[in-house]
2 protein chains.
Amino acid sequence: MRISDYTVTPIAIVDPPLRAASGLHAPYALRVVLEIAGEDGITGISENPCAQGIPETLARVCERLKGESPLQLTALLAKAEDIMSATDDSRGDSPWDQRVRVHVLSALEVACLDYLGKRFEVRVCDLLGGAVREAVPFAAYLFYKELGAGGSLGFGADDTARGWAEARQRRMKTPEEAVAQAAAMVEAYGFQSIKLKGGVLDPDSEADAIFALRDHFGPEVPLRLDPNALWTVETGIRIGKKLDPVLEYLEDPVRGQENMAIVRRAIESPLATNMCTTSFDDLPNSVKLHSEDVILTDHHFWGGIKPCIELCRMCQTFGRGISMHSNSHLEVSLAAMVHLGACIPQLDYALDTHTPWQSDALTQEGPFSFEDGSIKVPDRPGLGVTLDREALASLNRNYLECGLKSRDDEAEMQKIEPGWTFQATRW
Amino acid sequence: MRISDYTVTPIAIVDPPLRAASGLHAPYALRVVLEIAGEDGITGISENPCAQGIPETLARVCERLKGESPLQLTALLAKAEDIMSATDDSRGDSPWDQRVRVHVLSALEVACLDYLGKRFEVRVCDLLGGAVREAVPFAAYLFYKELGAGGSLGFGADDTARGWAEARQRRMKTPEEAVAQAAAMVEAYGFQSIKLKGGVLDPDSEADAIFALRDHFGPEVPLRLDPNALWTVETGIRIGKKLDPVLEYLEDPVRGQENMAIVRRAIESPLATNMCTTSFDDLPNSVKLHSEDVILTDHHFWGGIKPCIELCRMCQTFGRGISMHSNSHLEVSLAAMVHLGACIPQLDYALDTHTPWQSDALTQEGPFSFEDGSIKVPDRPGLGVTLDREALASLNRNYLECGLKSRDDEAEMQKIEPGWTFQATRW
């Protein structure tokens, strides 16, 4: 049961012109696919964000892990950490997480779990205590956006999906357009919670969009807003109070645990985070300050599925809720998210996913289907997804040809608004 | 992979007349052995303390778990918790842990892991991330005691063990006798750390024993003292300061997290606990008060091996050390302790075990052998131990014949010292 080979394949997947605090999504989002192969011919796979340095570090680490056993996962990951000990891994001010070490650890952990699941002929979730739910709920993820979908929903476009295929082409800026985007997405996927990615318009306009969603969907559909820490404490408190009657939670209104704690004490909505508390090292101060009520797990950012389960135990112990963060991703990442979601004893909120915005497929099984906003845990060994090698090759060609080597939403934004710059705190 | 049958067997194992804060050990310590059987004919086993109510509750829960899959362990344990929801499970002032629910959960968890290990033909530790160490270090565990060993070391009594077989018969009360007990135990097992169970003599006499051990073994052998929370805060500080130069840690000098926090701030030795912080519910206040530096895991008390691994992640996150507690036990418990000890990434201290004091054996493999104080992780599927059915039947007869139904060190103590009563705080 030893690793005899590995392949690291960076890919570029078509992404629509979504707006965010960071600027504008480029036509491609970068991902990296890891395959490890055992001497027994069994392979394990994973998918991760492809920030600068990740593919190279992953290859460098894997080369030195040849001969290690995925069954000795704790030791294998400790060895990987040792190999990367010189790699700087600070989180920085970036709206998204580009830390190389956690991404490499996650890539390795998930690929090993996929391998072990296949080897023992059980699902990844069953390696980790089993599924406490066989269907994992996700939330609609709304984005301000420019015209164009960047790709077509060439798959699964049945009757209910057709409306969404058309709607996702449209521009979204006004509250009415937010409601239209949400209605089409909810119709197609059956989502029962809605999240709006904010930090794009002035805060009052984004609050207006939330109120419009509430008017349209009523109080039974939970609503979340995520301005990506772009607000001042004053704005966080002002908009937070305004939205108190209608929000399920407010995600990262401000930057830093101290600021989160101030806003949290001043408003009633729970505060969630994926930017202020993003590692085990951040937890003691988060607990001390009570800076957040909800931690967003993300197996890509916390070093794998198992660390996220441990994070959940900690959240349960310290009275924090659990939700899940998402980046643009394809089915291998989504499969891991579903397995994690299936394992978490206390899952308080529907999970985030970018799935409705993606138009590529990476696996033979194709995109997951949703039922009432939920995804069934695949009933196949490991993650339950198989790479489509033609699709992988084609997405790798995209990567080589698109010229992008890391995500730069600021540069992309400047193409439509010259002189635009990212600001860590904007309003 | 469904549970089709189970057996709950209470047993009484011969125990020497060891002294403790609670009084005197009875001639028998009570344990309970759980066997679960799958439809596939594979069985899983575990061993637990047998406090009042545990065998009956275990049987009642197991009856309703027939048809459940050990692979769906989280859900299975949640169902068990539901069945026991009416069971009171407060820790109380008792020096040892008699909570029914955590013991039943632990019994189930370990038996399911043993089953799964056998089913997949891997070791229990390999179901949980693998062994970060193949030999797990234990500490010598010294006890004040009356004359008599309660049983003979009928096994493994090679040349180095013969001295211990003779020494363990002896009375232990003075510092000189403590050194003699330690020297014989260390000679036989190779232990490299020493713990003295205190709370028996006046605190200064116990401190004298520690100083005598230090004089004999020198500074390279770490020393611990555990008076089982019997001291006042004033005594804890006074004796703590006195022992600061020589202790690896001081375990539960006083009762309650608030008192522990006061003593901790006043002395230099790290404080460890197995009485003040004994469940996930206790952790938030422990973190807030910083009442301890070291948490003693015990898979019997924390609901199983996996919860202990999660506890370790929490300790690592919040800067607490990890050690392990022990009760009188046989090889099935010890095997689970070894697998847990093998899995913990950050193991700061040698683990406690009562093994040198036990004279019974429960498995075909017989008592574990120690090398330099460490036990090698068994290289067999599951826990790596197999019940010896004749031994089990004989130990069950002991249980039925000895008339004990729960541990009562006070009653036993009164047989040699009429009128003796347990006091939660004595000095």
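Please refer to the structure placed before this passage.
Residues numbered from 1 in each chain as written. Chains lettered and ligands numbered in written order. Predicted model: local features only at pLDDT ≥ 70, side-chain atom pairs only at ≥ 80, totals over all residues. Heavy atoms only, no water.

Tallying the contact residues gives 28 residues for chain B and 28 residues for chain A. Of the roughly 2400 Å² buried at the junction of chain B and chain A (both faces included), carbon and sulfur atoms supply 62%. Three residues, Glu310(B), Arg313(B) and Phe318(B), lead the burial of chain B against chain A; their summed loss comes to 22% of the area buried on that side. Between Glu310(A) and Arg313(B) there is a salt bridge, with its nearest N and O atoms 2.6 Å apart. Here chain B is connected to chain A by twelve residue pairs in polar contact (both at pLDDT 80 or more). Elements supplying a minimum of two residues to the side of chain B that touches chain A: helix H2 (73-83), helix H4 (124-127), helix H10 (283-289) and helix H11 (305-317) of chain B. Element by element, the count of residues in the side of chain B that touches chain A is highest for H11(B), at seven residues. Here the side of chain B that touches chain A is built from residues that sort into 18 nonpolar, five polar and five charged. (Contact = heavy atoms within 4.5 Å. Buried area = accessible area lost by both parts, 1.4 Å probe. Salt bridge = Lys/Arg side-chain N within 4 Å of Asp/Glu carboxyl O. Polar contact = N/O pair within 3.5 Å; in protein donor to acceptor, adjacent residues only side chain to side chain. Helix = DSSP H or I, 4+ residues; strand = E, 2+ residues; numbered from the N terminus. Nonpolar A, V, L, I, M, F, W, Y, C, P; charged D, E, K, R; others polar.)

Residues and elements named next belong to chain B. Read from one edge to the other, the open sheet built from seven strands follows the order S7-S8-S9-S10-S11-S12-S13, with strand pairing classed as parallel. The sheet terminates laterally at strand S7 (140-143) and strand S13 (321-324), the two strands that pair on one side only. Neighbouring strand axes in the sheet, compared pairwise and without regard to direction, differ in orientation by 25° on average. Bridging between strand S9 (residues 223-226) and strand S10 (residues 249-251) involves two bridges; their strand directions are parallel. The partner of Arg-224 across the bridge, within S10, is Tyr-249. (Pairing = 2+ DSSP bridges. Axes fitted to C-alpha atoms, helices over the stretch in contact; angles between N-to-C directions.)

Now for the sheet that holds strand S4 (residues 28-38) of chain B. Residue and element names in this part refer to chain B. The strand order S1-S4-S5 describes an open sheet built from three strands, whose pairing is antiparallel. Strand pairing shows two members of the sheet lacking a second neighbour, strand S1 (3-14) and strand S5 (43-49), which therefore form its edges. The mean inter-strand angle of the sheet, taken between neighbouring strand axes irrespective of direction, is 20°. Sheet topology places S4 next to S5; seven bridges connect them, and they run antiparallel. In the sheet register, Ile-36 faces S5, and the bridge partner there is Gly-44. Across the sheet, helix H1 (residues 54-65) touches S1, S4 and S5, and the angle it forms with S1 is around 170°. Here helix H12 (residues 331-343) sits on the sheet in contact with S4 and S5, set at roughly 100° to S5.

Let us look at helix H2 (residues 73-83) of chain A. Residues and elements named next belong to chain A. Along H2, the positions that sit buried rather than exposed are Leu-73, Leu-76, Leu-77, Ala-80 and Ile-83. End-on, the buried residues of H2 take up no more than an arc of 110°, which puts them together on one face. Among the structural elements, strand S1 (3-14), helix H1 (54-65) and helix H3 (100-120) are those in contact with the buried residues of H2. (Buried < 20%, exposed > 50% of the residue type's maximum accessible area, 1.4 Å probe, protein only. Arc of directions from axis to C-beta.)

Attention now goes to empty space enclosed by the protein. Within this structure, the stated rule accounts for eight cavities of 30 Å³ or more. The volume enclosed by the second largest cavity comes to roughly 370 Å³. Contributing to the lining of the second largest cavity are 26 residues, with Leu127(A), Leu128(A), Leu127(B), Leu128(B) and Lys306(B) lying nearest its centre. Contributions of two or more residues to the lining of the second largest cavity are made by H3, helix H4 (124-127) and helix H11 (305-317) of chain A together with helix H3 (100-120), H4 and H11 of chain B. (1 Å grid on protein atoms, 1.4 Å probe; cavity = no way out; pocket = protein on both sides within 12 Å on 5 of 7 lines; lining within 4 Å. Points joined across faces, edges and corners; volume = space filled by probe spheres on them.)

This paragraph deals with the nonpolar core. Leu108(A), Phe138(A), Ile194(A), Leu108(B), Phe138(B) and Ile194(B) are the most contacted members of the largest nonpolar core, which totals 268 residues. Not counting chain neighbours up to four residues away, the residues in contact with Ile194(A) comprise Ala140(A), Leu142(A), Ala182(A), Val186(A), Leu213(A), Phe217(A), Val221(A), Pro222(A), Leu223(A) and Arg224(A). (Core = buried A, V, L, I, M, F, W, Y, C linked by side-chain atoms within 4.5 Å.)

Residue and element names in this part refer to chain A. The backbone phi angle of Ala-229 is positive, close to 65°, even though this residue is not glycine. Among the secondary structure elements, Ala-229 is positioned in the loop between strand S9 (223-226) and helix H8 (233-243). Positive phi, close to 50°, is recorded for Asp-372, a residue that is not glycine. Structurally, the position occupied by Asp-372 is in the loop between helix H12 (331-343) and strand S14 (374-376). Judged by its relative accessible area of 53%, Asp-372 falls in the exposed class.

For the rest of this paragraph, the subject is the pattern of salt bridges. For the coordinates displayed, the defined rule picks out 48 salt bridges over all chains. For Lys195(A), the salt bridge goes to Asp352(A), with nearest N and O atoms at 2.7 Å. Of the two residues, Lys195(A) is situated in strand S8 (residues 194-197) and Asp352(A) in the loop between H12 and S14; the sequence distance between them amounts to 157 residues. Asp352(A) carries the same exposure label as Lys195(A), and that label is buried. Note that Glu177(B) is salt-bridged to Arg171(B), the shortest N-O span being 3.1 Å. Salt bridges sharing partners connect three or more residues here, namely Lys195(A), Lys197(A), Arg224(A), Asp226(A), Glu248(A), Glu251(A) and Asp352(A).

All names here are of chain A. By the element assignment, Asp-298 lies in the loop between strand S12 (294-297) and H11. One buried charged residue, Asp-298, forms no salt bridge at all, with the nearest opposite charge on Arg-31 at 7.4 Å. Within the local environment of Asp-298, its side chain forms a polar contact with the side chain of His-300, the two groups lying 2.7 Å apart. If we ignore the near neighbours within four places in the chain, the residues touching Asp-298 are Cys-308, His-325 and Ser-326. (Lys, Arg positive; Asp, Glu negative; His and termini not counted.)

Before going further, it helps to spend a moment on the pairing of S8(A). All names here are of chain A. Residue alternation in S8 divides its side chains into two sets, Ile-194 and Leu-196 and Lys-195 and Lys-197, and both sets are buried. In this structure, strand S7 (residues 140-143) lies alongside S8, joined through four bridges in parallel fashion. Bridging from a neighbouring strand, Ala-140 pairs with Ile-194 of S8. Sheet analysis places S8 next to S9, joined by four bridges and oriented parallel.

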